[in-house]
Amino acid sequence: MVGTSSRSGAGGAPSGAAAGYRPSATLPFAAEFRRQAARRRTQLALAFMVLLPLIILIAFQFDSGDDDDNGRGEFGSLIEFATTGGLNFTLFTIFVSASFLLVVVVALFCGDTVASEASWGSLRYLLAVPVPRARLLAVKLLVALAYSALALLTLAGTALLLGTLRYGWAPLRSTVAAQLEPGEGLLRLLAVLGYLAVVLLVVAGLAFLLSVTTDAALGAVGGAVLLWILSSILDQITALGVLRDFLPTHYSTAWLGLLSTPVQSDDVVRGTISAVCYATLFWGLAFWRFTRKDVVS
């Protein structure tokens, strides 16, 4: 196990360390960000965030207008108004991505970050540099969260650009709210993105915990996605009663309240508290586990 001594020698360096060595200067954020940017999975994930709105836009061009099923369900208005303006197209794109695609992308960035290093056999060399374990985890987590946020913004930004070019800059419309002028609609859309980012912290925390537990990156990513799906299924079982309120996915669609008039923020607040608590718990367990495990790969 690689460790660092708390005793310091001349110049503030740990006892026995080379002159000028500072644990806080190891593995800079920018260096890790560039390393992850060069990886094929990062490039493909971000590229798909650009490609998806284009695919949806092309699909809408083949819509004959004869399908009356779009109005069914709780989210029927998002489909109905998707082609009425750039803001509505963006909202629809976020809706079709939020329940699965964004979950997979966040799980990919956060679940692959440590497990992949272990599977390549490079993790022990990073710790032998030496990079303190807590710092290594913190930097990798921050980079993974940064790329997750970048993916979300890339998806929304591309959808807004393509939707505005195709359908124009029009008010945000839905059946749960009065028509919102473009300026206010954009603010509501940013609030939706912010809430989704907070909810996805649960996926990030769970994937990161699994990433430090296993050497199989696919297992960490797939495990986080499967557990999220399991929570979503359990949330549909009304017989669980009040227990459903404690599921991490229970408030995952509370962002609809941000579109209503007036804004319904009660579930948004509950969902935010729930997500932050779960994410903090998972990250705490990840740090506790990693700082005590024997790294042999």
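Residues numbered from 1 in each chain as written. Predicted model: local features only at pLDDT ≥ 70, side-chain atom pairs only at ≥ 80, totals over all residues. Heavy atoms only, no water.

### Examining the pattern of salt bridges
- Enumeration over the complete set of coordinates arrives at seven salt bridges.
- In this structure, Lys-140 and Glu-32 form a salt bridge, with 2.9 Å as the shortest nitrogen-oxygen distance. Of the two residues, Lys-140 sits in helix α8 (residues 133-167) while Glu-32 sits in helix α1 (residues 29-37), which places them 108 residues apart along the sequence.
- Residue classification places Lys-140 among the buried residues on the basis of a relative accessible area of 0%. (Salt bridge = Lys/Arg side-chain N within 4 Å of Asp/Glu carboxyl O. Helix = DSSP H or I, 4+ residues; strand = E, 2+ residues; numbered from the N terminus. Buried < 20%, exposed > 50% of the residue type's maximum accessible area, 1.4 Å probe, protein only.)

### Here we look at helix α2 (residues 40-61)
- In this model α2 runs 31 Å from its N-terminal to its C-terminal C-alpha over 22 residues, within 8% of the 32 Å that 1.5 Å per residue would give.
- Helix geometry: α2 is bent most strongly at Val-50, by close to 25 degrees, with proline Pro-53 lying one to four residues after it.
- Those residues of α2 lying buried are Arg-41, Thr-42, Ala-45, Leu-46, Met-49, Leu-52, Pro-53, Ile-56, Leu-57 and Phe-60.
- Those residues of α2 that are buried lie in contact with α1, α4 (86-98), α5 (101-111) and α8. (Expected span 1.5 Å × (residues − 1). Bend = angle between axes of the 7 residues up to and from the residue. Contact = heavy atoms within 4.5 Å.)

### Some details on the environment of Ser-174
- Mapped onto the secondary structure, Ser-174 falls in strand β1 (residues 172-174).
- Note on Ser-174: relative accessible area 13%, which makes it buried.
- Ser-174 sits 86 residues away from Ser-260 along the chain, and the two C-alpha atoms are 8.4 Å apart.

### Overview of the packing of α2 against α8
- Orientation of α2 relative to α8, taken along the N-to-C sense of each, is 25 degrees, at an axis distance of 9 Å. In terms of orientation, α2 and α8 fall into the roughly parallel class. Crossing angle aside, the handedness with which α2 passes α8 is right-handed. Between α2, through Thr-42, Leu-46, Met-49, Val-50, Leu-52, Pro-53, Leu-54, Leu-57, Phe-60 and Gln-61, and α8, the contact on the second element is made entirely by Tyr-147, Leu-150, Ala-151, Thr-154, Leu-155, Thr-158, Ala-159, Leu-162, Arg-166 and Tyr-167.
- When its residues are assigned to classes, the contact of α2 with α8 shows 15 nonpolar, four polar and one charged. (Axes fitted to C-alpha atoms, helices over the stretch in contact; angles between N-to-C directions. Parallel < 35°, antiparallel > 145°, perpendicular 65-115°, else oblique. Left-handed = near helix turned anticlockwise from the far one by under 90°. Nonpolar A, V, L, I, M, F, W, Y, C, P; charged D, E, K, R; others polar.)

### What about the nonpolar core?
- In this structure, Tyr-195 and Trp-255 are the most contacted members of the largest nonpolar core, which totals 74 residues.
- Secondary structure elements with two or more residues in this core: α2, α4, α5, α8, α9 (182-213), α10 (217-235) and α11 (266-290). (Core = buried A, V, L, I, M, F, W, Y, C linked by side-chain atoms within 4.5 Å.)

### Describing the packing of aromatic side chains
- All chains considered together, the criterion is met by eight aromatic pairs.
- Residues Phe-33 and Tyr-147 carry aromatic rings whose centres are separated by 4.3 Å and whose planes lie at 10 degrees to one another, so their mutual orientation is stacked. With Phe-33 in helix α1 and Tyr-147 in helix α8, the pair connects residues that are 114 residues apart, well separated along the chain.
- Residue Phe-33 is classed as partly exposed on the basis of its relative accessible area, which comes to 28%.
- Members of the aromatic cluster, connected to one another through ring pairs, are Phe-60, Phe-89, Phe-92, Phe-95 and Tyr-167. (Phe/Tyr/Trp six-rings, centres within 6.5 Å; stacked < 30°, edge-to-face > 60°.)

### Focus on the confidence of the model for the chain
- Confidence in the prediction for the chain averages 84 pLDDT; 79% of positions are at 70 or higher.
- Per-element averaging of pLDDT across the chain places helix α7 (residues 123-127) at the bottom with 62 and α5 at the top with 95.
- Across residues 1-12 the pLDDT falls below 50, and counting only partners more than four positions away or on other chains, this stretch makes 19 contacts in the model. (pLDDT = per-residue confidence, 0-100.)

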